[in-house]
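# Geometric and topological summary
Spelled out from the first residue to the last, the chains are:
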Amino acid sequence: MNPLRAKALVIDIPGRGDGQPLDFTVEPGQMWGVLGPNGAGKTTLLHTLAGLRAPRHGAVHLCEHSLTELRRRQISQQLGLVFQERQDGFPATVLETALIGRHPWLSPWQMESGDDERFARRALDQLDVGHLSDRLVNTLSGGERQRVAIATVLTQAPDTWLLDEPTNHLDMHHQVSVLQLLTDQARAGRSVFMCLHDLNLAARWCDHLLLLYPNGDACWGPAEQMLVPQALERLYDQKLITVEADGAPVFVPVKS
Ligand SMILES: Nc1ncnc2c1ncn2[C@@H]1O[C@H](COP(=O)(O)OP(=O)(O)OP(=O)(O)O)[C@@H](O)[C@H]1O
């Protein structure tokens, strides 16, 4: 398993200054959360780490190579991305969608094998959408679609998971089961790097946090060092009350 490194990375947000260059390493076994208000650049950062957007400065390294030196296929065998937005360009069933996760592992025009299908079905079952295998994806609810997107990356089996708001659209039970699945991935030596809007889910599940401010400032490190009420209040421009529950801090917004 290989680390993902941001090296003096400046993401390219039109009209914004460079801010704080990002220098961090997501090690195998770690679970990172990216926190920040709307427009801070979380999605842009995720897409830059996946090689879908060029950085303004700096580089992203995977398997000790810059992403620019790697072929797309090599990247997609190592790194999976759950997008925030779903695009269902053409009608596909849930099973066909999950099988797309096997494409980095097949040669061009090679059909998926029985093993690939078993892999995909197991992933769909793990995300509690196996019973929807034959349904067209564009007929699913928002939460069902989200779980199919995560099952597709589980089918891809990358060492590094990038996820943009993985708990979006999910009810509480499915939020917890997805975060538990990601914890299991990290425990198996993979790495997880995800944007989250829910500060309390991040505080409970992430071992590392990156705070991204709208002006490009940023700080990152072990979660307990980042969960400082004053820093979070500045991040969200929101007064917070901090309480503790089950050994973890819980942040409650102050009503104005
Ligand atoms: N192609 C583009 N052209 C102009 N501005 C862009 C473009 N892409 C992103 N931006 C701007 O860059 C900023 C960061 O966007 P981004 O989607 O990364 O933020 P985010 O932190 O993920 O926000 P949210 O929490 O709302 O999902 C926003 O102000 C957005 O409007």
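Residues numbered from 1 in each chain as written. Predicted model: local features only at pLDDT ≥ 70, side-chain atom pairs only at ≥ 80, totals over all residues. Heavy atoms only, no water.

The name that an unreviewed UniProt entry assigns to the protein is ABC transporter, with the source organism given as Marinobacter lipolyticus SM19.

Right, let's get into the pairing of strand β8 (residues 191-195). Counting buried residues along β8, five of its five residues qualify, which places the element largely inside the surrounding structure. The two faces of β8 match: S191, F193 and C195 on one face and V192 and M194 on the other face are all buried. As judged from the four bridges shared by strand β3 (residues 31-35) and β8, these two strands associate in the parallel manner. Its bridge partner lying in β8, M31 is registered against V192. Pairing of strand β7 (residues 160-164) with β8, which is carried by five bridges, proceeds in the parallel orientation. Paired with W161 across the strands is V192, a residue of β8. (Buried < 20%, exposed > 50% of the residue type's maximum accessible area, 1.4 Å probe, protein only. Helix = DSSP H or I, 4+ residues; strand = E, 2+ residues; numbered from the N terminus. Pairing = 2+ DSSP bridges.)

Glancing now at the state of the cysteines. Applying the stated criterion to the full structure yields zero disulfides. Here C206 stays unpaired: no disulfide links it, and the sulfur of C195, its closest cysteine neighbor, is 11 Å away. The class of C206 is buried, set by a relative accessible area of 7%. (Disulfide = S-S within 2.5 Å.)

One open sheet holds the four strands; their spatial order is β2-β1-β4-β5, and the pairing between them is antiparallel. Every interior strand has two partners, whereas the edge strands, β2 (22-26) and β5 (65-66), have only one. Pairing between strand β1 (residues 4-10) and β2: four bridges, direction antiparallel. Its bridge partner lying in β2, L4 is registered against V26. Lying over the sheet, helix α1 (residues 42-49) contacts β1, β2 and β4 (57-62), oriented at roughly 120° with respect to β1. (Contact = heavy atoms within 4.5 Å. Axes fitted to C-alpha atoms, helices over the stretch in contact; angles between N-to-C directions.)

Residues in contact with the ligand amount to 13 residues; listed here are only the nearest, G39, G41, K42, T43 and T44. Between the ligand and A40, the relevant distance is 3.2 Å, taken from an oxygen atom to a main-chain nitrogen or oxygen of the residue. Contacts to the ligand include T44, whose side-chain N or O atom sits 2.5 Å from an oxygen atom. For the shell around the ligand, the residue count by class is four nonpolar, seven polar and two charged. (Near = heavy atom within 4 Å. Polar contact = N/O pair within 3.5 Å; in protein donor to acceptor, adjacent residues only side chain to side chain. Nonpolar A, V, L, I, M, F, W, Y, C, P; charged D, E, K, R; others polar.)

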